[in-house]
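A structural walkthrough
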Amino acid sequence: MSLNMNSTFRDVRKSAFHRSQTLVYRNGFAVPRRPTVGIGQDPLLSEQLIQQQISELSSETPYITHGSYQEQGLVEDFIPAYVALDKKVLRFYAYFEEDILFSPKEQHRVCPVVIYYYLEDDSMCIFEPRVENSGIPQGERIKRQRLPRNEQGEPYLWKNLNIGMYLEVYGVKYNITQCDAFTKEFMESEGIVLNDPEPMPVDPYGQSRKNTLPSHITPSSFDQMQQFIDMDRKVLRFFALLDDADALFADTRAVTIQFYLGDNTVEIREVHEANSGHDPFPILMHRQKLPKKFKATPQNFPSCVLEVSKAEVEEYYTPKDFQTGQTMKLRGRRFLLYDCDGFTKKYYQENHPDIQMKPSEVPNKTSLVQLRKKEVPPYNGFGSLEDSLQNCLYLIPEPPKKNVLKMLENNNKVLCYSARMESQNPDDDGRLFILSYSLANDMISIYEKPTRNSGIIAGKFLKDTRIPKPGSAVENPEFYSPADFAIGATLHVFGRRFVLTDADQYVLNYLESNAGQIPHQTLLSFHQKFGVRTENNQAHDQNGDDVAEPSS
């Protein structure tokens, strides 16, 4: 028996016969699995075979059952109905009659409606136009849906609609009287002949409301009801600036003043600006009638408890009192009217042609509110002037700014003067002091010299502080400087008077080096003082030398 070497044997141990996956995931992407390369098979050759099969499939022409590809021609694209008929709506005008029970004035009411038919999905909706001041809930009667035509639930189609027919929906009969131009053109293009349009019947009760009732009394010159009917929702709007200069924090705010012509009421709304620092309250003054002139009230009228009623008001504000370019005082506040809207200008041209509503230039906030400088309270004596002033300028006081460059240049430079106190009290008169002026921070310190049997403790009399000149303003004080320290000058230090009597040689050197900033009178007093001292020293030295020569 011969054995065929090309025959294969089935593996009896194989238990899984599923088809292997054709895709594998690499780096998060699904890619085709490469075929297993057998022994002696080139992997590049297998990839070329796969690419060749893909190119053959992509270049293969589709099989055409009827005729050749050239005879088939171009095939038009299919457009679904919801795309072709999108936003195409048929509109019919109709009405229905509503019976009114238990009313002697009317028996039925004619209500006009508009019927919309949407061609894309054969849905319909019925809308009743709103009548102003009717008191009847109107609007959408039936929301968009397919309306049943019979008991079997078959919906109405556009083929079933025509002028002059009755459309019965949920027990209500709608008589179609007319349609728009697009509906007429569409129906005729589909081969449907429309009936002639019918007139819309007149509602008897609505017609009776338009007719004025006969009046047998003399009508008043001013009818509030007629004013409300004619002027309802007609508002005059003025653009103004609120001048709030009398407040603690003077500021101007942009507001709109609205005058309602229906009842002569006024409302003031604030225009909120970003990062203005004000709370965004929309209404500055709620809608109310503003009294312009009051009647004479008795002195014992409790105005702080009771509000002013109509009995105390003689005249209210009217549109004649508002004019652009003028400043009005409403409720104790000043408002500058600088412009108005187009409706307001038209109203004044038709009803008040003598009042010119020309827009004025909007002033700047600083020019409108002439900001007065904040009055700084008088110095109370606690702390320095600069520290006390910071409490008035900031809620959280900040330390006063210092001149760092000046402090570095004049570090440890001090001018020393001798002073004598002048006082009406004989115990204080003639007390001797040393006055030190620090050039780094312009501060003055005073030390008292010890005097025998005076009964006064010597030492520090005034710590380092800046001393303002008498009569200088608190908010911008003028402090003492070396230019004011002349020999014989009197200094006023917080209610005490000191007379400068002498100074050291360093003071004279400093004044001579800065002679351009020192008054001539001050420099001359030092020259005279130091000149006298120099002459005495020279005479004393000469006498000493004369005495020493003979002894030697």
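Residues numbered from 1 in each chain as written. Predicted model: local features only at pLDDT ≥ 70, side-chain atom pairs only at ≥ 80, totals over all residues. Heavy atoms only, no water.

Looking at an unreviewed UniProt entry, one finds the chain named EF-hand domain-containing protein 1 and attributed to Gymnodraco acuticeps. Quoted straight from UniProt, the Subcellular location (unreviewed entry) entry for the chain says "Cytoplasm, Cytoskeleton, Cilium axoneme". (UniProt positions renumbered as here; feature names shortened; annotations may be inferred.)

On a plain count of helices and strands, the chain comes out with 12 helices and 22 strands. Within the chain, the proportion of its 552 residues that are buried is 28%. A sequence separation of at least 24 residues applies to 47% of the contacts in the chain between residues at least 6 apart. A total accessible area of about 40900 Å² is found for the chain, and carbon and sulfur atoms account for 52% of it. (Helix = DSSP H or I, 4+ residues; strand = E, 2+ residues; numbered from the N terminus. Buried < 20%, exposed > 50% of the residue type's maximum accessible area, 1.4 Å probe, protein only. Contact = heavy atoms within 4.5 Å. Areas by Shrake-Rupley, 256 points an atom, 1.4 Å probe, with all protein chains shown as cover.)

All right, on to the packing of aromatic side chains then. Using the criterion set out here, one finds 16 aromatic pairs in the structure. Relative to Tyr-348, the ring of Tyr-347 has its centre 5.7 Å away and its plane inclined at 90°; by these criteria the two rings are edge-to-face. Taking the relative accessible area as the measure of exposure, Tyr-347 reaches 12% and is therefore buried. Each member of the aromatic cluster is reached from another via a ring pair, and the members are Phe-238, Phe-259, Tyr-317, Phe-322, Tyr-347 and Tyr-348. The aromatic ring of Tyr-118 is capped on one face by Arg-144, whose charged end is 3.8 Å from the ring centroid. For Arg-287, the ring lying beneath its charged end belongs to Tyr-260, and the centroid distance is 3.8 Å. (Phe/Tyr/Trp six-rings, centres within 6.5 Å; stacked < 30°, edge-to-face > 60°. Lys NZ or Arg CZ within 6 Å of the ring centre and 35° of its normal.)

What follows is about a nonpolar patch on the surface. A contiguous nonpolar patch, built from Ile-79, Tyr-82 and Val-83 and spanning about 330 Å² of accessible area, is present on the exposed surface. Inspection of the secondary structure puts Tyr-82 in helix H3 (residues 81-84). (Patch = residues over 30% accessible without salt bridge, like charges linked within 9 Å, V, L, I, M, F, W, Y side chains within 5 Å. Salt bridge = Lys/Arg side-chain N within 4 Å of Asp/Glu carboxyl O.)

Pairs may arise between side chains of opposite charge once their charged atoms sit close together. Summed over all chains, the structure comprises 20 salt bridges. A salt bridge links Asp-263 to Arg-287; the nearest nitrogen and oxygen atoms lie 3.1 Å apart. With Asp-263 in the loop between strand S10 (251-260) and strand S11 (265-270) and Arg-287 in strand S12 (residues 283-288), this pair connects stretches of sequence that are 24 residues apart. Close ionic contact of Glu-267 with Arg-269 constitutes a salt bridge, the shortest N to O distance being 3.2 Å. For Glu-267, a relative accessible area of 7% puts it in the buried group. One continuous salt-bridge network, built from bridges that share partners, spans Glu-120, Asp-121 and Arg-144.

This part covers the sheet that holds strand S7 (residues 166-169). Two modes of strand pairing occur in sheets, parallel and antiparallel, and in both the strands are linked by backbone hydrogen bonds. In spatial order, the strands read S6-S5-S4-S3-S8-S7; together these 6 strands make up an open sheet with antiparallel pairing. What marks the edges here is a single partner per strand, and that holds for strand S6 (139-145) and S7. Neighbour to neighbour, the strand axes of the sheet diverge by 30° on average, direction disregarded. In the packing of helix H4 (residues 181-189) onto the sheet, the strands contacted are strand S3 (89-99) and strand S8 (172-179), and the crossing angle to S3 comes to about 115°. (Pairing = 2+ DSSP bridges. Axes fitted to C-alpha atoms, helices over the stretch in contact; angles between N-to-C directions.)

So, on to the nonpolar core. Judged by nonpolar contacts, the single largest core of 28 residues is most densely connected at Tyr-417, Leu-435, Ile-444, Ile-446, Phe-485 and Phe-526. Counting only elements with at least two residues in this core, the list comes to strand S17 (414-422), strand S18 (432-438), strand S19 (443-448), strand S21 (490-493), strand S22 (496-503), helix H11 (505-513) and helix H12 (520-551). When neighbours within four sequence positions are excluded, Leu-435 is seen to be in contact with Leu-415, Cys-416, Tyr-417, Ile-444, Ser-445, Ile-446, Phe-485, Leu-491 and Leu-500. Core analysis: the second largest hydrophobic core is formed by 26 residues, Leu-161, Leu-167, Cys-179 and Phe-186 among them. (Core = buried A, V, L, I, M, F, W, Y, C linked by side-chain atoms within 4.5 Å.)

Across a regular strand the side chains alternate sides, sitting on one face of the sheet and then on the other. Taken across its 6 residues, S11 has 5 buried, putting it largely inside the fold. Direction of pairing for S10 relative to S11: antiparallel, over a ladder of 6 bridges. Across the sheet, residue Val-255 finds its bridge partner in S11, namely Glu-270. Hairpin connection between S10 and S11: a loop of 4 residues separates the two successive antiparallel strands, and Asn-264 in this loop has a positive phi of roughly 60°.

On to the confidence of the model for the chain, then. Predicted confidence across the chain gives a mean pLDDT of 81, with 81% of residues reaching 70 or more. A low-confidence stretch, residues 532-536 (pLDDT under 50), is modelled with 2 contacts involving residues beyond four sequence positions or located in other chains. In this model, residues 539-552 is a region of pLDDT below 50 whose contacts with residues beyond four sequence positions or in other chains number 0 contacts. (pLDDT = per-residue confidence, 0-100.)

This paragraph deals with the environment of Tyr-506. Structurally, Tyr-506 is set in helix H11. Residue class for Tyr-506 comes out partly exposed when judged on its relative accessible area of 34%.

This part takes up the sheet that holds S11. Spatially, the 6 strands line up as an open sheet ordered S12-S11-S10-S9-S16-S15, and their pairing is antiparallel. A single partner strand is all that each edge strand has here, and the edge strands are S12 and strand S15 (327-330). Within the sheet, the average angular offset between the axes of one strand and its neighbour, ignoring direction, is 35°. Here strand S9 (residues 235-244) runs beside strand S16 (residues 333-340); their pairing, made up of 6 bridges, is antiparallel. Residue Leu-242 lies in a different strand from S16, and its bridge partner there is Phe-335. Sitting on the sheet, helix H7 (residues 342-351) touches S9 and S16, and the angle it makes with S9 is about 110°.

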